[in-house]
Amino acid sequence: MTKQSMTESYPRFLHHGGADGVTGSCHRYIASPEHAMLVDCGLFQGQDADHLDSLEQHRIRFDLDSVFALVVTHVHIDHIGRLPYLMAAGFDGPIYCSEPSAKLLPLVIEDALKIGFTRDRRLIEQFLNKVDQQLVPLPYKTWKTVLDEKGRRVQIRLQRAGHILGSAYVEVDQREPDGQTHRTVFSGDLGAPYAPLLPAPKSPYKADTLIIESTYGNRLHESRKDRRLKLKAAVEHALENEGTVIIPAFSIGRTQELLYELEDLIHRGGERWQAMEIIVDSPLAAKFTQVYRELKPFWDAEAQTRIKAGRHPLSFDNLYTVDSHDEHLQTVSYLAKTGRPAIVLAASGMATGGRVVNYLKAMIEDPRHHVLFVGYQAVGTPGRAIQQHGPEHGWVELDGERKTIRAGVTTIGGYSAHADQKDLLNFLKRMKQWPNTIRLVHGDWEAREELKRKFEQLGAERQHRLEIVLPGNE
Ligand SMILES: [Zn+2]
């Protein structure tokens, strides 16, 4: 290829978020000077967001004139949370996503609207109706033509990514008027193999350009077996002491994975386990669990086997949901007083707010109870303080009150449903035709740097020339 044709060639890529951080994913696929497609449009969160007032931070500042479609890889808020802002800025094109994502997306957007925009029921309904009109659910493994103009054709195909239900990686084929073709693969967030409920992602056959996440580009997860053992030990500690296991959790996917694992532990655990109550104290998490149940056909083979055996992995007998705030307060005081063994899942995941804070306030000073962390705890959050100071019975500030940590504390890694370094490398290794260019996104600097080195090593071993790009946000 000559230098001249290089400068004129398409597709090109820009990143409006999620390039040099792990949130706010929004990638621009530029098919021509007049045609662009967005892949995801997520919110900035945590450290990526705290330097600006949030409404201002999320306002869409990039040009939308040439944007003809949005493709959603999955419904986590850091991948779709800016959809209301995008629509407010005038985007009215199709929103392509998988069939399960199309069922889950309105729930997530409704919640995002309530938090960031309005509690006005009528406005929310109007907005959700509009989203519904723009949503185009696509079956997996099926090509869809999204642009066909003057001899230029762009097609997309979704493949299962094994991250949360409905998650997909996206293959994009572009055919130029002169017959040249180019295949791009956007990984979205990739899942780990052996995730409960979800089949492991299979690598794509080929790509010319691969745009891949790198969240855990420098880490390896605990195995599923180790995680189950730790989960079992934490629950047994609470059972022996007649206490409660408090799990700060929200994120779609993680709560359902945990419920799935707990059902299995109860199934195998004998009488003592069967007497234990599992409480999901979050109306939204309960709704997601309900939709997860409806999406059974998308569960993996292991889950299907359990269903055939007459089990109900996400709706077992000892599972209770708490809806109203009064019911929530009653549950807190009941569990704090009675010492009836129970497991509670409540948001927020880092104990920065939400119902879990009331449980912690009522129980953290009592050694019968146990706090179990299943997700990342950011610096400066109560979750991190409990994790850090719990073992030596230090203190944590909750709602302005200083509490001594006497409850047991356990952390389990790996329920985050993200591929680790080995899985990310395998994604490339198992492709039949390797890309020439890899763009590493969705990871902090250290993760991307280390993954870059590893990919370069793989390229050298195979004697395949790989250009690895660490793009920034535009
Ligand atoms: Zn995700």
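It should be emphasised that the depicted structure is a prediction, and the values quoted were computed from it without experimental measurement. (Residues numbered from 1 in each chain as written. Predicted model: local features only at pLDDT ≥ 70, side-chain atom pairs only at ≥ 80, totals over all residues. Heavy atoms only, no water.)

### Some details on the overall build of the protein
Then step 1. Across its full length, the protein holds 16 helices and 21 strands.
Then step 2. In terms of overall size, the protein behaves like a compact globule, its C-alpha atoms giving a radius of gyration of 23 Å where 474 residues would be expected to give roughly 23 Å.
Then step 3. A principal-axis box enclosing the C-alpha atoms of the protein has dimensions of 75 × 55 × 45 Å.
Then step 4. Out of the 474 residues belonging to the protein, those deemed buried represent 56%.
Then step 5. Counting contacts in the protein only where the partners sit at least 6 residues apart, residues at least 24 apart contribute 73% of the total.
Then step 6. If you sum the accessible surface of the protein, you get close to 20,800 Å²; carbon and sulfur atoms cover 48% of it. (Helix = DSSP H or I, 4+ residues; strand = E, 2+ residues; numbered from the N terminus. Rg over C-alpha atoms; globule rule 2.2 N^0.38 Å. Buried < 20%, exposed > 50% of the residue type's maximum accessible area, 1.4 Å probe, protein only. Contact = heavy atoms within 4.5 Å. Areas by Shrake-Rupley, 256 points an atom, 1.4 Å probe, with all protein chains shown as cover.)

### Considering the domain arrangement of the protein
Then step 1. What the domain assignment reports for the protein is domain 1 (12-219 + 417-469) and domain 2 (224-415).
Then step 2. In this complex, domain 1 contributes 22 residues to the contact, which on the side of domain 2 involves 22 residues.
Then step 3. Summing both sides of the interface, domain 1 and domain 2 together bury roughly 2,000 Å²; the carbon and sulfur share of this comes to 72%.
Then step 4. When the buried surface of domain 1 facing domain 2 is broken down by residue, L165, P196 and L197 rank first, second and third, together holding 36% of it.
Then step 5. Between domain 1 and domain 2 we count zero salt bridges in total. (Domains from an automatic or database assignment. Buried area = accessible area lost by both parts, 1.4 Å probe. Salt bridge = Lys/Arg side-chain N within 4 Å of Asp/Glu carboxyl O.)

### A few points about the packing of helix α12 (residues 325-338) against helix α13 (residues 356-363)
Then step 1. The interhelical angle for the contact between α12 and α13, taken along N-to-C directions, is 25°, at an axis separation of 10 Å. It follows from the interaxial angle that α12 and α13 lie roughly parallel. For the pair α12 and α13, the crossing hand works out as right-handed. When α12 is examined against α13, the residues H328, L329, T331, V332, L335 and A336 are found in contact with a partner set consisting of N358, Y359, A362 and M363.
Then step 2. The class makeup of the residues in the contact of α12 with α13 is seven nonpolar, three polar and no charged. (Axes fitted to C-alpha atoms, helices over the stretch in contact; angles between N-to-C directions. Parallel < 35°, antiparallel > 145°, perpendicular 65-115°, else oblique. Left-handed = near helix turned anticlockwise from the far one by under 90°. Nonpolar A, V, L, I, M, F, W, Y, C, P; charged D, E, K, R; others polar.)

### Some remarks on the pairing of strand β15 (residues 342-346)
Then step 1. Most of β15 is tucked away, with five of its five residues classed as buried.
Then step 2. Of the two faces of β15, the one holding A342, V344 and A346 and the one holding I343 and L345 are both buried throughout.
Then step 3. Pairing of strand β13 (residues 277-280) with β15, which is carried by four bridges, proceeds in the parallel orientation. Across the sheet, E277 pairs through a bridge with A342, a residue of β15. (Pairing = 2+ DSSP bridges.)

### Overview of empty space enclosed by the protein
Empty space among the atoms becomes apparent when a probe as large as a water molecule is rolled across them.
Then step 1. Tallying each qualifying case throughout the model produces one cavity of 30 Å³ or more.
Then step 2. Estimated volume of the largest cavity: approximately 70 Å³.
Then step 3. As for the largest cavity, its lining consists of 14 residues, and the residues nearest its centre are S25, H27, S187, G188 and V441.
Then step 4. The leading source of residues in the lining of the largest cavity is strand β11 (residues 209-213), at three residues.
Then step 5. When grouped by side-chain class, the residues that make up the lining of the largest cavity number five nonpolar, six polar and three charged. (1 Å grid on protein atoms, 1.4 Å probe; cavity = no way out; pocket = protein on both sides within 12 Å on 5 of 7 lines; lining within 4 Å. Points joined across faces, edges and corners; volume = space filled by probe spheres on them.)

### Overview of the environment of T145
Then step 1. Within the secondary structure, T145 is located in strand β7 (residues 144-149).
Then step 2. A C-alpha to C-alpha distance of 9.7 Å links T145 and V172, two positions 27 residues apart in sequence.
Then step 3. Residue contacts for T145: discarding those within four places in its chain leaves R153, V154 and Q155.
Then step 4. One polar contact links T145 to Q155, side chain to side chain, over a distance of 3.2 Å. (Polar contact = N/O pair within 3.5 Å; in protein donor to acceptor, adjacent residues only side chain to side chain.)

### Digging into the sheet that holds strand β1 (residues 12-15)
Then step 1. Overall, mixed pairing links the six strands, which are arranged β1-β2-β3-β4-β5-β6 in an open sheet. At either end of the open sheet lies a strand with only one pairing partner, and these are β1 and β6 (135-138). The sheet shows a mean angle of 25° between the axes of neighbouring strands, direction not considered.
Then step 2. Taken strand by strand, helix α6 (residues 121-134) contacts β5 (95-98) and β6, and its axis lies near 45° from that of β6.

### Considering the pairing of β7
Then step 1. In this structure, β7 lies alongside strand β8 (residues 152-160), joined through five bridges in antiparallel fashion. Residue pairing across strands places E149 opposite R152, the latter belonging to β8.
Then step 2. Between β7 and β8, which follow one another and run antiparallel, lie two residues, and K150 among them has a positive phi close to 50°.

### A short note on the coordination of the zinc ion
Then step 1. Protein coordination at the zinc ion: the donors are H74 (NE2), H76 (ND1), H163 (NE2) and D189 (OD), at 2.2 to 2.4 Å from the metal.
Then step 2. If you look at the zinc ion, its four donor atoms make angles of 90 to 168° with each other, and the shape they trace is irregular.
Then step 3. Read N to C, the donor residues that coordinate the zinc ion are spaced as H-x1-H-x86-H-x25-D. Pair noted here: H74 is in the loop between β4 (67-71) and α3 (77-80) and H163 is in the loop between β8 and β9 (168-175), with a separation of 89 residues, a long-range link. Judged on exposure class, the residue H74 and its partner H163 are both buried. (Donors = N, O, S within 2.8 Å, 3.2 Å for Na, K, Ca; no water. Tetrahedral: all angles 85-135°; square planar, octahedral: opposite > 155°, others 65-115°.)

### Quick notes on the pattern of salt bridges
Then step 1. Evaluation of the coordinates by the stated rule reveals 24 salt bridges.
Then step 2. E302 is paired through a salt bridge with R224; the nearest N and O atoms lie 3.2 Å apart. Here R224 lies in helix α7 (residues 224-241) and E302 lies in helix α11 (residues 301-308), a separation of 78 residues in the sequence.
Then step 3. Its relative accessible area of 16% is what places R224 among the buried residues.
Then step 4. Between D399 and K361 there is a salt bridge; the shortest N-O distance is 2.7 Å.

### Considerations on the environment of D65
Then step 1. Of note, D65 is situated in the loop between α2 (54-58) and β4.
Then step 2. The class of D65 is exposed, set by a relative accessible area of 75%.
Then step 3. Spatially, the C-alpha atom of D65 lies 8.7 Å from that of F91, the residues being 26 residues apart in sequence.

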